[in-house]
Amino acid sequence: MLYLDNSATTPILPEVKDKMLTYLSNEYGNPSGKYYQLAVNADQAIKESRTHLSKLLNSKEQEIIFTSGATESNNMVLKGVADYYTHKGKHIITSKAEHSAIMDVCEHLETKGYEVTYLDVDQYGRVNPDDLKEVMREDTILVSIMWGNNELGSLNDIEAISSICKEHNVFFHTDATQALGKVEINWDELDGISFLSCSAHKMHGPKGVGALAIRSDQYGKLIPFTPLFHGGGQEDGIRSGTYSVHNIVGFGEAARIAKKNLDKNRKQLNKLELRLREILNEKFHDNIAYNSDTKDKLPGVVNVQFIGLNNEVLLKKLAPIIAASTGSACSSAKPSHVLQATGLDLKAVRESIRFSFSPYSELSEVEIFNEL
Ligand code: PMP
């Protein structure tokens, strides 16, 4: 079976699993206990993971807060900033193509008296930065626009968006869950980005661990906001709760490997995608339509409409040989709001499938599509 649902989750790399096992067995210390070796070792392991992740993001180590995943990181920023800066304003800007871990939080905030502007997106799910300029207001406290789209692979113009936010002195959050490990994340250069969410399990790390990067000022002070969890004061009080040491170690190792292989992986993903498109074009001619762009996108993600074929029926038929999905695993029961936002009608949405490669897939494996 060829697994092509890597945007939903990825298998853990053997090196990652081996490292994690140590912290699931002998090294069971709580890093917050400082006086004995087991605790010191766990604390050291967390520090190393922070270093690896900061190298992948090009951030400072102290700007990284470990969380249980991107859903938590997104909730943390949106709810935390809304609460802390409510005296400044109650207006938030996002896009119609965000993941449900942004959309649903925004809808929740609307019930609490916040006003959310949902920017339109183009046919590939991208925000036009000029549209952002037009909806910026005096009372705007936060802009949240994703880096790479989980259903289409499209990349937003993060450089332009971050500089608009900087100009307007408005916090900018980006959900980089799909982008991390696939494209260069230049946090240091793009200092208009205030917050960035990411997750380990999209880049061959474990599930249940992620991070939030928070911009620090020249004195090393992080942007303040109300924490989601109150408790033991871990992560400088920003994210209380005992460290999930084995998961954080796994995330760190996955980040180290992703950084080392970034170029190689990108090339391989591009090759895999190109070959898939070639085969699909040869086999299906005009019976398919691509929802994904060919440029300015995450490599290895292809969303395609099989005209006249119901996607669920097709996916079930394919399942013994190819594992793919209709789009977001997190809201697969509903027709994709992302594809609808790009202008596709419901029929086209119900005929669309996302194939997402891993850089560890072999080119020869793609030939399986010739057997369809
Ligand atoms: N944001 C995006 C863009 C995603 O693709 C996902 C995972 N589907 C999430 C957030 C949620 O991530 P996690 O599973 O780590 O909570």
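Residues numbered from 1 in each chain as written. Predicted model: local features only at pLDDT ≥ 70, side-chain atom pairs only at ≥ 80, totals over all residues. Heavy atoms only, no water.

Short version of the rule: UniProt positions are given in the numbering used here, feature names are shortened, and annotations may be inferred rather than shown by experiment.
The name an unreviewed UniProt entry gives the protein is Cysteine desulfurase IscS, with Pontibacillus salipaludis as the organism. Of the protein, the UniProt comment under Catalytic activity (unreviewed entry) reads exactly: "(sulfur carrier)-H + L-cysteine = (sulfur carrier)-SH + L-alanine". UniProt's Sequence similarities (unreviewed entry) comment on the protein is quoted here verbatim: "Belongs to the class-V pyridoxal-phosphate-dependent aminotransferase family. NifS/IscS subfamily."

### Quick notes on the environment of Asn26
Formally: Runs of E in the DSSP output that reach at least two residues are strands. Runs of H or I that reach at least four are helices, and both are numbered from the N terminus. Burial classes: relative accessible area under 20% of the type maximum marks a residue as buried, over 50% as exposed, and values in between as partly exposed (1.4 Å probe, protein chains only).
Here Asn26 is to be found in the loop between helix H1 (14–24) and helix H2 (37–57). Owing to a relative accessible area of 61%, Asn26 belongs among the exposed residues under this scheme. Counting along the chain gives 12 residues from Asn26 to Leu38, while the straight-line C-alpha distance between them is 8.8 Å.

### Looking at the pattern of salt bridges
Selection criterion: Salt bridge, as used here: a side-chain nitrogen of Lys or Arg that lies within 4 Å of a carboxyl oxygen of Asp or Glu.
Applying the stated criterion to the full structure yields 18 salt bridges. A salt bridge links Lys133 to Asp130; the shortest N-O distance between them is 3.5 Å. Taken together, the residues span about one helical turn, with Lys133 and Asp130 both in helix H5 (residues 129–135) at a distance of 3 residues. Its salt-bridge partner being Lys297, residue Glu273 comes within 2.7 Å of it at the nearest N-O pair. Here Glu273 is found in helix H8 (residues 262–284), whereas its partner Lys297 is found in the loop between strand E9 (288–290) and strand E10 (301–306), with 24 residues between them in sequence. Side by side, Glu273 and Lys297 carry an identical accessibility label, which is buried.

### Re empty space enclosed by the protein
Applicable threshold: In this analysis, the protein atoms alone were mapped onto a 1 Å grid. Cavities are point sets where a 1.4 Å probe fits without being able to get out; pockets are open sets with protein on both sides within 12 Å along at least five of seven lines; lining residues have an atom within 4 Å of a point. Grid points are joined across faces, edges and corners, and a volume is the space filled by probe spheres set on the points. Three residue categories are used. Nonpolar comprises Ala, Val, Leu, Ile, Met, Phe, Trp, Tyr, Cys and Pro, charged comprises Asp, Glu, Lys and Arg, and polar comprises the others, including Gly.
By the definition in use, this model includes 2 cavities of 30 Å³ or more. For the largest cavity, the calculated volume is near 140 Å³. Taken together, 18 residues make up the lining of the largest cavity; nearest its centre are Gly181, Met203, His204, Asn265 and Pro359. Broken down by secondary-structure element, the contributors of at least two residues to the lining of the largest cavity are helix H7 (245–260) and H8. Of the residues forming the lining of the largest cavity, the biggest block, 3 residues, is contributed by H7. Taken together, the residues that form the lining of the largest cavity break down as 10 nonpolar, 6 polar and 2 charged. Taken as a whole, the second largest cavity holds about 30 Å³ of empty space. Around the second largest cavity, the lining residues are Tyr85, Lys88, Thr140, Ile141, Asn169, Val170 and Phe171. Class assignment for the residues of the lining of the second largest cavity results in 4 nonpolar, 2 polar and 1 charged.

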